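Listed here are the chains, written in short residue letters.
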Amino acid sequence: MKDWYDGQSYNETKGMRAWSTLQNIVLHRNSNYGMVGYIARYEKAIQDLDDVNEVVSEKLQKTILLWGIKDDYYKSTITNLKMATNRIADACIPELQKIGMDYDKENSRMIN
């Protein structure tokens, strides 16, 4: 019984931490982790919820993913992805990663 309770408590904590992450991750222009870090945090939180059997609909996953991106550089991409109602979050991630890499290249050129 104690083992079950300990496991249940761990799952609840893991689930609450994952939801907290999803509610609080935000990508701004000056975020120190960039798009790659933002997506990594998002994917880990979604996986943690899956691990504890908390189902997050595809629509909600996409909404959460796009909602946290506040950097104006991505504004047109976010608008296009929101309008593409047939695209799920997993299908949006490669496009966001590509644009994030382009953004990082532009910024490194401006710094150097």
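Bear in mind that the values here come from a model prediction, so they are computed numbers and not experimental data. (Residues numbered from 1 in each chain as written. Predicted model: local features only at pLDDT ≥ 70, side-chain atom pairs only at ≥ 80, totals over all residues. Heavy atoms only, no water.)

(A) Expanded view of helix α4 (residues 75-83). Inspection of α4 places Thr-77, Ile-78 and Leu-81 among the buried residues, and these make up the whole buried set. Summarising the axial view, the buried residues of α4 lie within an arc of 100°, below the 170-degree limit, and thus occupy one face. In α4, those exposed residues whose orientation departs by more than 90 degrees from the buried face are Lys-75, Lys-82 and Met-83. (Buried < 20%, exposed > 50% of the residue type's maximum accessible area, 1.4 Å probe, protein only. Helix = DSSP H or I, 4+ residues; strand = E, 2+ residues; numbered from the N terminus. Arc of directions from axis to C-beta.)

(B) Geometry of unusual backbone geometry. Despite not being glycine, Asn-53 shows a phi value in the positive range, around 60°. Structurally, the position occupied by Asn-53 is in the loop between α2 (34-51) and α3 (58-67).

(C) The nonpolar core, seen in detail. Formed by 25 residues in total, the largest nonpolar core has its most connected members in Met-35, Tyr-38, Tyr-42, Leu-65, Ile-69, Tyr-74 and Leu-96. Mapped by element, the contributors of at least two residues to this core are α1 (2-24), α2, α3, α4 and α5 (89-111). By residue number, the principal contributor to this core is α2, which donates seven residues. For Tyr-74, the residues in contact, after removing those within four places along its chain, are Leu-27, Met-35, Ile-69, Ile-99, Gly-100 and Tyr-103. (Core = buried A, V, L, I, M, F, W, Y, C linked by side-chain atoms within 4.5 Å. Contact = heavy atoms within 4.5 Å.)

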